[in-house]
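Take a look at the letters that make up each chain.
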Amino acid sequence: MGFLKKLLIGKVSEDFKPKYNPIERRILNIKSIWNNDHQDDNGIEKIFRLFLSISQLLFPGIYVKTLAGKIGYAYKDLAMDIYILLKVAFPMLILVNDLQNKPYLITILVYLILETILYIPTLIFASDLFSSPRSYKRSMLLLFFNYLEVVIAFGVFYTLGNNTNIPFGHWSDAIYFSLMTSNTIGYGDYYPVTTFGKFLASVQAMFFLSFVILFLNFFSTKVKSKGYFDNENQDI
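This structure is a prediction, so every number in the text was calculated from the model and none was measured.

A.B. asks: Any details on the environment of Y119? Residues and values, ideally.
C.D. replies: Tracing the sequence through the fold places Y119 in helix α6 (residues 103-125). Distance from Y119 to N146, taken between C-alpha atoms, is 9.9 Å for residues 27 residues apart in sequence.

Structure follows, in structure tokens:
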């Protein structure tokens, strides 16, 4: 047990208790944006930042982190690691087991992928009052798993009907097409032919161009400095 604890938890004091749990911090974050405590924004920018911040209360991630924090502060990151890995595994299981004909599974998948898609711009545009993560490199690694999640999830969406010029012969073909679409490569062996398929490809390309690249550019420059959050906002 000591070995696993050292491996999975690392050097974190279990006696440390933050002043606010993740849900309370999110509510304070919303109030901060509303009151213009940190940024003098208005109009569409303020509405957008409020929407992003509020949206995080509609998804499981913040509640997973809060419940894990009740066990101990050291377990919040571990719980989120497991949660993100499960979100990557979920669409993969749908593809591998050919479960696209289960509407409830697709509904859950759409719900989970919305959380990921909204989380990235939230971290960029609506991070008032949030402390810096323990490890920026860990955050970048989790971003990579978010990337995999979106790629595999869109792979599932492309299999919902005959959306490409050639039917996918194997579940890996759907992931391949999704990966090429996300990177805007497009070799021409597969391409969307239905309105739904073209819509998916357009949304996926726009997402990766406007959010992931923006996030990587924003985050990578901050790894070298003190971080993208102010030091005075550390948990106390």
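A.B. asks: Residue-level account of the nonpolar core, with values.
C.D. replies: One finds L109, F157, Y158, F207 and F208 to be the most contacted residues of the largest nonpolar core, which totals 34 residues. Elements supplying a minimum of two residues to this core: α5 (75-96), α6, α7 (136-158), α8 (171-182) and α9 (195-223). Among all residues touching F157, those that are not within four sequence positions of it are I106, L109, V110, I113, N163, F196 and L200. Ranked by size, the runner-up nonpolar core spans seven residues in total, among them L50, L52, F59 and L118.

A.B. asks: Can you break down the UniProt feature "transmembrane region" (unreviewed entry) in the protein chain residue by residue, with the values?
C.D. replies: Mapped onto the present numbering, the UniProt feature "transmembrane region" (unreviewed entry) falls on residues 47-66, 78-96, 108-129, 141-161 and 199-219. As annotated, residues 141-161 has a helix share of 86% and a strand share of 0%, and its two end C-alpha atoms lie 33 Å apart.

A.B. asks: Explain the side chain of T164 to me, and be specific about the residues and the numbers.
C.D. replies: With respect to the helices, strands and loops of the structure, T164 is situated in the loop between α7 and α8. Looking at T164, the relative accessible area reads 9%, which means it is buried. Within polar-contact distance, the side chain of T164 engages the backbone oxygen of I166 at 2.8 Å. Excluding anything up to four places from it in sequence, T164 contacts F177, Y190, Y191, P192 and V193.

Rules behind the numbers
Residues numbered from 1 in each chain as written. Predicted model: local features only at pLDDT ≥ 70, side-chain atom pairs only at ≥ 80, totals over all residues. Heavy atoms only, no water. Helix = DSSP H or I, 4+ residues; strand = E, 2+ residues; numbered from the N terminus. Core = buried A, V, L, I, M, F, W, Y, C linked by side-chain atoms within 4.5 Å. Buried < 20%, exposed > 50% of the residue type's maximum accessible area, 1.4 Å probe, protein only. Contact = heavy atoms within 4.5 Å. UniProt positions renumbered as here; feature names shortened; annotations may be inferred. Polar contact = N/O pair within 3.5 Å; in protein donor to acceptor, adjacent residues only side chain to side chain.

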